[in-house]
Amino acid sequence: MIRLVVFGALLALLTWWLYRRLTRPTELGPRARSVVAVALVVLWMLALTGVGSGELFATAWARPLGFVGWVWLAAGLYLFLGLGLIAVGTGVDRLIRRRRGPDGPPSPGRRRFLRLATGTVVVAAVGAAGYGVVEAATPRVVRVRIPLRRLPAEFAGTRIALITDLHVGPARGIGFTSKVVDLVASEHPDLILIGGDLVDGTVAKVGPYLEPLAGLQAPLGVFGVSGNHEFYAGDGGRWLDLWDRLGIHTLRNSRVELRRGDAAVDLAGIHDLTSPAPFEPDADAALAGRDPERAVILLAHQPAQVVDAERLGVDLQLSGHTHGGQMWPLGYLVPLQQPSVTGLDRFGDTVLYTSRGAGAWGPPVRVGTPPEITLIELVPA
């Protein structure tokens, strides 16, 4: 509840700023200003409904309303950026005109320009959000070949399906989970790995939306690790227990042996970087006592956990978390926190693959970063 109150207060300030930028420079009349005010207040309420859905509010009634609110937040981002540019431009223009002489009333041409520019920003913001809704609803399979130096010949051609960041609950339900499961099943992978952030909300309100995951099957097994969002509603341990009941072998700072014939590869998984006690990540414990000559794959939600992976001689780390930024231009901010945004990177002898994820956090919107289910083929280096 505290998070919702704080978010509501901040969003109210942004809503007020948007109201001022939409009405004052364009010199809208009283009736038009009232329409804008009512629309912004309603959208503010819908956004709060979306933020609380799955944790505070039952998704049965909150998701349809909250979906609109979440999409509004995406449009609001682009409104903020576009109207901010107009504000900066008009401010610079005003300073230049003041230096040239007394600043008189705005000319009719300037009024027309501001109205046209503001209208263009509104249309562009709504269009970008609408496009992003369609993009986010259609995850696609991304195929990647990853050479590993220590990969046994018996594991050459092994196909791994990596699923991360579904974020079902506030804006997505059981239908989205089923779509992802069907896509993975159609590829017949040898191994299925789940990289965390499957949900937003509590087990009681959101748990049923994960039931299709029980249909996941692969010859080498189905394994998963926690993300940061499993813990936001205080149900982190209960979420992992649910995954186990659905047939997902959760790796809790632990390791398993994958075998093909006489050859073996270690698969390890650790908790998310920010997980609270007693779920702190411990890569040393997960890899303790293993054969140092054997190839090891590490499943870790955040790319930043590659620091431990490189130190411990991990061959391949598979991660998610970043969403590739999810909505342009937010991807430019991801490197401030993570060493990788999306795709393949190398850190020493450790290969890191960062998935953009199948779902979307917050707004069910993706702009410039399509959702993905990653199908990895392992080959000898």
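You'll find the structure just up there.
Residues numbered from 1 in each chain as written. Predicted model: local features only at pLDDT ≥ 70, side-chain atom pairs only at ≥ 80, totals over all residues. Heavy atoms only, no water.

1. Observations concerning the packing of aromatic side chains
Logical step 1: By the definition in use, this model includes four aromatic pairs.
Logical step 2: Ring centres of tryptophan 16 and tyrosine 19 lie 5.6 Å apart, and the angle between their planes is 25°; on these two criteria the pair is classed as stacked. Here tryptophan 16 and its partner tyrosine 19 are both found in helix α1 (residues 2–23), three residues apart, which amounts to about one turn of the helix.
Logical step 3: The class for tyrosine 19 is buried, based on a relative accessible area of 18%.
Logical step 4: One residue, arginine 260, lies across the ring of phenylalanine 155, its end atom 5.9 Å from the ring centre. (Phe/Tyr/Trp six-rings, centres within 6.5 Å; stacked < 30°, edge-to-face > 60°. Helix = DSSP H or I, 4+ residues; strand = E, 2+ residues; numbered from the N terminus. Buried < 20%, exposed > 50% of the residue type's maximum accessible area, 1.4 Å probe, protein only. Lys NZ or Arg CZ within 6 Å of the ring centre and 35° of its normal.)

2. Looking at the sheet that holds strand β7 (residues 263–269)
Logical step 1: Read across the sheet, six strands follow the order β6-β7-β8-β9-β11-β10 without closing on themselves; strand pairing throughout is mixed. Edge positions in the open sheet fall to β6 (254–260) and β10 (343–347), since each of these has one partner strand only. In this sheet, adjacent strand axes meet at a mean angle of 20° when their direction is disregarded.
Logical step 2: The sheet contact formed by strand β9 (residues 316–319) and strand β11 (residues 350–354) spans four bridges and is parallel. Bridge assignment links serine 319 to a residue of β11, and that residue is threonine 354. (Pairing = 2+ DSSP bridges. Axes fitted to C-alpha atoms, helices over the stretch in contact; angles between N-to-C directions.)

3. Quick notes on the pairing of strand β12 (residues 372–380)
Logical step 1: In terms of burial, β12 is largely enclosed, as seven of its nine residues are buried.
Logical step 2: In this structure, strand β1 (residues 140–148) lies alongside β12, joined through nine bridges in parallel fashion. Within the sheet, the bridge partner assigned to valine 142 lies in β12 and is threonine 374.
Logical step 3: The pairing of strand β2 (residues 159–163) with β12 spans four bridges and is antiparallel. Bridge pairing in β12 links leucine 162 to threonine 374.

4. Focus: the sheet that holds strand β4 (residues 222–224)
Logical step 1: The strand order across the open sheet built from six strands is β1-β12-β2-β3-β4-β5, with neighbouring strands paired in mixed fashion. With one partner strand each, in any of the chains shown, β1 and β5 (249–250) form the two edges of the open sheet.

5. Overview of the pairing of β2
Logical step 1: Within β2, four of the five residues are buried, which leaves the element mostly enclosed by the surrounding structure.
Logical step 2: Looking at chain direction, β2 and strand β3 (residues 191–194) are connected through four bridges and run parallel. In the sheet register, isoleucine 163 faces β3, and the bridge partner there is isoleucine 194.
Logical step 3: With helix α5 (residues 174–187) bridging β2 and the parallel β3, this β-α-β connection has right-handed handedness. (Right-handed = clockwise from strand over helix to strand, strands pointing away.)

6. Some words on unusual backbone geometry
Logical step 1: Going from alanine 277 to proline 278, the amide bond is cis rather than trans, its omega being 0°.
Logical step 2: In this model, tryptophan 328 is joined to proline 329 through a cis peptide bond whose omega is 5°.
Logical step 3: Along the chain, proline 329 falls in the loop between β9 and β10.
Logical step 4: Of note in the backbone geometry, histidine 321 takes a positive phi value of approximately 80° without being a glycine.
Logical step 5: By secondary structure assignment, the location of histidine 321 is in the loop between β9 and β10.
Logical step 6: The exposure class assigned to histidine 321 is buried, which follows from its relative accessible area of 16%.
Logical step 7: Despite not being glycine, glutamine 326 has its phi angle at roughly 70°, a positive value.
Logical step 8: The residue glutamine 326 is located in the loop between β9 and β10 in this model.

These figures capture arrangement, not role.
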